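# Examining the three-dimensional arrangement
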Amino acid sequence: MHPFTIMANQLNYELFEITNNFVYGRIQIPDMIALANEIDQEASYAEFEPASIGNDTNDVEPYLDIRSSSVIWLKDSQDAMDVVQELVEDINDTYFNLPILDAPPEYQYTVYKDVDDHYDWHRDFYPEDSETSDYKRNVSLSLCLSPAEMYQGAELFIKDGSDLNVRVFKMRFGDFLIFPSDVEHRVNALRSGVRASLVVWYGQNLI
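Since the model is a prediction, treat every value here as computed from it, not as a measurement. (Residues numbered from 1 in each chain as written. Predicted model: local features only at pLDDT ≥ 70, side-chain atom pairs only at ≥ 80, totals over all residues. Heavy atoms only, no water.)

Attention shifts here to the overall build of the protein chain. Of regular secondary structure, the protein chain possesses 2 helices and 16 strands. Relative to the 2.2 N^0.38 estimate, which gives 17 Å for 207 residues, the radius of gyration of the protein chain is 16 Å and therefore close to what a compact globule would have. Based on the C-alpha atoms only, the size of the protein chain along its principal axes is roughly 45 × 40 × 40 Å. Residues counted as buried form 50% of the 207 residues belonging to the protein chain. Here the analysis covers contacts within the protein chain between residues at least 6 apart in sequence; of these, 77% occur between residues at least 24 apart. (Helix = DSSP H or I, 4+ residues; strand = E, 2+ residues; numbered from the N terminus. Rg over C-alpha atoms; globule rule 2.2 N^0.38 Å. Buried < 20%, exposed > 50% of the residue type's maximum accessible area, 1.4 Å probe, protein only. Contact = heavy atoms within 4.5 Å.)

Encoded structure:
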């Protein structure tokens, strides 16, 4: 598919591929630099923590075979988050039409920095999560904040409709995947360097 350029209010981006299970594109460089600068400024003084799974944030040791990375929860980069939300709402309204009714409760800055950091196959929201979560994730965003030449490995895998149709993306600076939160995906093990990304889930409050 040939890329085409779209302007969503404050944001210019290109789309490269559209399926029922994901939209793959890239925020154009001037806009992406402005976004990344705001996010990186907050990340520079925040304290990273080991990534957990679900609501269990007390002990990550049992999950290291499933997920190994470092995260911070962004609180002060609201201008960047507002612009990114415009992108997600525009894509969702055009291609998925899933409910995005309430502001995301969390904005996750994820870093794969140690060799073998990874995240095994998972969905961002399972039906049973409704019993333990106050927020239903309907649409997921993964936005790459690192140039591709700065890391090896850590490719993003996503299932496109079946276990046999797996797409693999070596994410570049500004590349994004937007997809329904029940689509399975994973991050391959990091071999070298550092890959940072913004991960946000959009949906609705359950209470």
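There is more to say, and it comes next.
This part is about the environment of G174. Among the secondary structure elements, G174 is positioned in the loop between β12 (166-169) and β13 (175-180). Residue classification places G174 among the buried residues on the basis of a relative accessible area of 0%. For the pair G174 and P30, spaced 144 residues apart in sequence, the C-alpha separation works out to 10 Å. Setting aside its immediate chain neighbours within four residues, G174 contacts G25, R26, I27, M32, L143 and C144.

What follows concerns the nonpolar core. Judged by nonpolar contacts, the single largest core of 34 residues is most densely connected at Y109, L141, F176, I178 and L198. Within the residue set of this core, elements represented by two or more residues are β2 (11-18), β3 (23-27), α1 (29-43), α2 (78-96), β7 (107-112), β9 (135-144), β13 and β16 (195-205). The element contributing the most residues to this core is α2, with 8 residues. Not counting residues up to four positions away in its chain, the partners in contact with L198 are I39, L74, M81, V84, Q108, L141, S142, L143 and L145. Of all hydrophobic cores here, the second largest spans 17 residues; its members include F22, Y151, A154 and F179. (Core = buried A, V, L, I, M, F, W, Y, C linked by side-chain atoms within 4.5 Å.)

Quick look at the packing of aromatic side chains now. Each aromatic ring pair is described using two quantities: the centre-to-centre distance and the angle formed by the ring planes. The tally for this structure, following the rule as stated, stands at 5 aromatic pairs. A centroid spacing of 6.0 Å and a plane angle of 75° characterise the contact between Y13 and F176, whose relative ring orientation is edge-to-face. Note that Y13 is positioned in strand β2 and F176 in strand β13, a separation of 163 residues in sequence. Through a chain of ring-to-ring contacts, three or more aromatic side chains come together here, namely F16, F22, Y24 and F169. If you follow K170 out to its NZ or CZ, it ends over the ring of Y151, 4.6 Å from the centre. Note that R186 overlies the ring of F157, its terminal NZ or CZ placed 4.8 Å from the centroid. (Phe/Tyr/Trp six-rings, centres within 6.5 Å; stacked < 30°, edge-to-face > 60°. Lys NZ or Arg CZ within 6 Å of the ring centre and 35° of its normal.)

Our focus in this paragraph is the layout of surface pockets. One number sums up the size of the second largest pocket: a volume of about 190 Å³. Element by element, the count of residues in the lining of the second largest pocket is highest for β9, at 3 residues. Split by residue class, the lining of the second largest pocket holds 6 nonpolar, 4 polar and 3 charged. (1 Å grid on protein atoms, 1.4 Å probe; cavity = no way out; pocket = protein on both sides within 12 Å on 5 of 7 lines; lining within 4 Å. Points joined across faces, edges and corners; volume = space filled by probe spheres on them. Nonpolar A, V, L, I, M, F, W, Y, C, P; charged D, E, K, R; others polar.)

Here we come to α2. All buried positions along α2 are accounted for by A80, M81, V83, V84, Q85, E86, L87, V88, I91, N92 and F96. Among the residues trailing α2, N97 stands out with phi positive, at a value near 55°.

On to the environment of Y135. By the secondary structure assignment, Y135 is in strand β9. Taking the C-alpha atoms as reference points, Y135 and E89, separated by 46 residues in sequence, lie 17 Å from one another. At 2.6 Å, the side chain of Y135 and the backbone nitrogen of G203 are in polar contact. (Polar contact = N/O pair within 3.5 Å; in protein donor to acceptor, adjacent residues only side chain to side chain.)

The next thing to look at is the sheet that holds strand β8 (residues 118-122). What the 5 strands build is an open sheet, ordered β5-β8-β14-β11-β12; its pairing is antiparallel. At either end of the open sheet lies a strand with only one pairing partner, and these are β5 (67-68) and β12. Pairing geometry for β5 and β8, over 2 bridges, is antiparallel. Within β8, the position partnered with R67 by the bridge is Y119. (Pairing = 2+ DSSP bridges.)

This paragraph deals with the pattern of salt bridges. Overall, the coordinates contain 10 salt bridges when judged by the stated rule. Across the pair D175 and R26 runs a salt bridge, and its minimum N-O distance is 2.7 Å. Linking D175 in strand β13 with R26 in strand β3, this pair joins segments that are 149 residues apart in sequence. Notably, a salt bridge pairs D163 with K159, separated by 2.9 Å at the nearest N-O pair. Residue classification places K159 among the buried positions, given a relative accessible area of 13%. (Salt bridge = Lys/Arg side-chain N within 4 Å of Asp/Glu carboxyl O.)

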